[in-house]
Amino acid sequence: MTRSEYYARMRALARPVRTAHGLASCKVTRSDLRRIYKVHGIKIDIWRHKFKDLRGAYFRDEFGTTVMVADLPTDPMVFTLAHELKHHLADQDAPLAPCGARNQSEQVEIGAEIFAAELLFPEDDFCRVMAEIAVAHGACRPEHIIRVKRSTGTTLSYQGLVKRAEFLGFAPSGSLPRSGWRVLEEEIFGIPFYKRRRRAQSAPPDEADEAAETPERQDDLPLFAAAVR
Ligand SMILES: [Zn+2]
């Protein structure tokens, strides 16, 4: 089997898993993954401390199956749990799979990334969303990626959406930013209410008043929506 055939097989593997577990949208949550893990009898062990270059690991022995995962924010946590699920479903000959920066370019690891991305947000659904906002091939800009993220509520990260958009040819390879997405999102859509409230509470009285009165910039939304169409 060639690499590309293997990757296509890993992507295809995600589809029946979505169907079997009723994942109908691209907003796959921690609860969804916990539910799937329970069905497969996989225990989750969350590390409270960080391991250098390691974000998760799959481990199976005579006592059962465990996925160890760093205490990550929601998006990377969901993605990592999906990644480790691939090791459970497709790598039964390997009882231990450490996953991190050191082995991320290995075929088995890339296959797990492809499986996870498809489990969270199937390529077909991504193409449909891009068609809905009229993004032609090669025409995807950062604001389109932000719009997809916000309108779908997907837990696939900005980095994952960028890879997907470039891989499918919606944007030229390397044309989209690799970081700074939250800042860009705030520049376009304004600062989320919970952040403004937190900043206002920690600011001196005058600044707090000013921060509290800052408009949400909701008025920008229709304009932005029209601009990206
Ligand atoms: Zn892995």
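Residues numbered from 1 in each chain as written. Predicted model: local features only at pLDDT ≥ 70, side-chain atom pairs only at ≥ 80, totals over all residues.

**Student:** Provide a residue-level description of helix H4 (residues 107–120), including the pertinent values.
**Tutor:** With 14 residues, H4 should cover 20 Å at 1.5 Å per step; its first-to-last C-alpha distance of 20 Å lies within 8% of that length. When we look at burial in H4, the residues that qualify are Gly111, Ala112, Ile114, Phe115, Ala116, Ala117, Glu118, Leu119 and Leu120. Next to the buried residues of H4 lie helix H1 (3–20), helix H3 (74–90), helix H5 (123–132) and helix H7 (158–167). (Helix = DSSP H or I, 4+ residues; strand = E, 2+ residues; numbered from the N terminus. Expected span 1.5 Å × (residues − 1). Buried ≥ 20, exposed ≤ 12 C-beta atoms within 10 Å, placed from the backbone. Contact = placed C-beta atoms within 7 Å.)

**Student:** I'd like a description of unusual backbone geometry, backed by residues and values.
**Tutor:** One non-glycine residue with positive phi stands out, namely Ala134, at about 60 degrees. Topologically, Ala134 is positioned in the loop between H5 and helix H6 (142–152). For Ala134, a count of 10 C-beta atoms within 10 Å puts it in the exposed group.

**Student:** If you had to explain the environment of Phe115 to someone new, which residues and values would you point to?
**Tutor:** Counting through the fold element by element, Phe115 comes out in helix H4. C-alpha of Phe115 to C-alpha of Ala12: the two residues are 103 residues apart in sequence and 7.9 Å apart in space. Those residues in contact with Phe115 that sit more than four places away from it in its chain are Met10, Arg11, Leu13, Ala14, Ala82 and Lys86.

**Student:** Tell me about the confidence of the model for the chain, residues and numbers included.
**Tutor:** Mean pLDDT for the chain: 85, with 83% of residues reaching 70 or above. Contacts of residues 205–229 to residues separated by more than four positions or lying in other chains number 21 contacts, the stretch itself having pLDDT below 50. (pLDDT = per-residue confidence, 0-100.)

**Student:** Requested: an account of the pairing of strand E3 (residues 64–70), with residues and values cited.
**Tutor:** Sheet topology places strand E1 (residues 42–47) next to E3; 6 bridges connect them, and they run parallel. Residue pairing in the sheet places Ile42 in a bridge with Thr65 of E3. Counting the residues between successive antiparallel strands, the hairpin from strand E2 (residues 54–61) to E3 contains 2 residues. (Pairing = 2+ DSSP bridges.)

**Student:** Describe the sheet that holds E1, and please don't skip the residues or the numbers.
**Tutor:** Sheet architecture is open: 4 strands sit in the order E1-E3-E2-E4, paired in mixed fashion. Each having just a single partner strand, E1 and strand E4 (96–100) make up the two edges of the open sheet. The mean inter-strand angle of the sheet, taken between neighbouring strand axes irrespective of direction, is 15 degrees. Sheet contacts for H3: E1, E2, E3 and E4; angle to E2, the most-contacted strand, approximately 35 degrees. (Axes fitted to C-alpha atoms, helices over the stretch in contact; angles between N-to-C directions.)

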